[in-house]
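Each chain, written out:
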Amino acid sequence: GRGGEEVLWCRQEIGLEPEVIPGVSAAFSAPLLGGIPVTHRGVSNQVVMCTGYGKDNSSPDLIRYHAEQTVVFLMAVGRIEQLMTKLKEDAGYPSNTAVGIVERAGCVGSRTLVGTMENIAELASFHEIVAPSTIVVGEVVRVLIGDDEDPDTFNQGLLIEDGVGAEMESLDEEQMRQFLEPFLQKLAP
């Protein structure tokens, strides 16, 4: 969630003041887990973060297109078609701008879908992409996934399945313990 709503809920509904533990925002971590950095030297020097749904289900006001800009949408996969249309028509984005969707980032069964503003909504529907997902718009989507080998990669779309976490799914209990032991030792007092 957004964080603030959860804090208010705890205060108002159950009378508790929650402890906030700082971490890395999903706006930065989810894309990278899916193979998409949000900035990259010579490609993108700024990041704009937007929620997919505002007050009363409103859509965010969009910033005009800039070639070296990345836009990250959180909680927005349910309105991807509307967002892509608004970015093209209202914010001046070229229809061939790269778009990536990272679904279930960091979890077993994570998937990354890439395409362009022109085809990503149709691809997301075809591949049944659902929340939780993070949408990334901008040329950084091409940096690590790239379309050097096949120039039609983004025009046709590409689904990368079983991202981070897939290798963990096949670990048995002993293998999992061995994997986690060094991390847990660092946390021990």
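Values in this document were obtained by computation on a predicted structure and should not be read as measured data. (Residues numbered from 1 in each chain as written. Predicted model: local features only at pLDDT ≥ 70, side-chain atom pairs only at ≥ 80, totals over all residues. Heavy atoms only, no water.)

Caption draft 1: How the structure looks around unusual backbone geometry. Looking along the chain, the bond that leaves Ala-131 and enters Pro-132 is cis, with omega of 0°. Among the structural elements, Pro-132 can be located in the loop between helix H4 (120-126) and strand E5 (133-137). One non-glycine residue, Asn-57, lies in positive phi territory at about 65°. For Asn-57, the position within the fold is in the loop between strand E1 (46-51) and strand E2 (69-74). Positive phi, normally seen in glycine, also occurs at Glu-128, with a value near 55°. With respect to the helices, strands and loops of the structure, Glu-128 is situated in the loop between H4 and E5. (Helix = DSSP H or I, 4+ residues; strand = E, 2+ residues; numbered from the N terminus.)

Caption draft 2: Seen up close, the confidence of the model for the protein. Confidence along the protein averages 86 in pLDDT terms, with 87% of residues attaining 70 or more. E5 holds the highest mean pLDDT among the elements of the protein, 97, whereas helix H7 (residues 166-169) holds the lowest, 47. Every residue in residues 164-168 scores below 50 in pLDDT, and together they form nine contacts with partners more than four places removed in sequence or on other chains. (pLDDT = per-residue confidence, 0-100. Contact = heavy atoms within 4.5 Å.)

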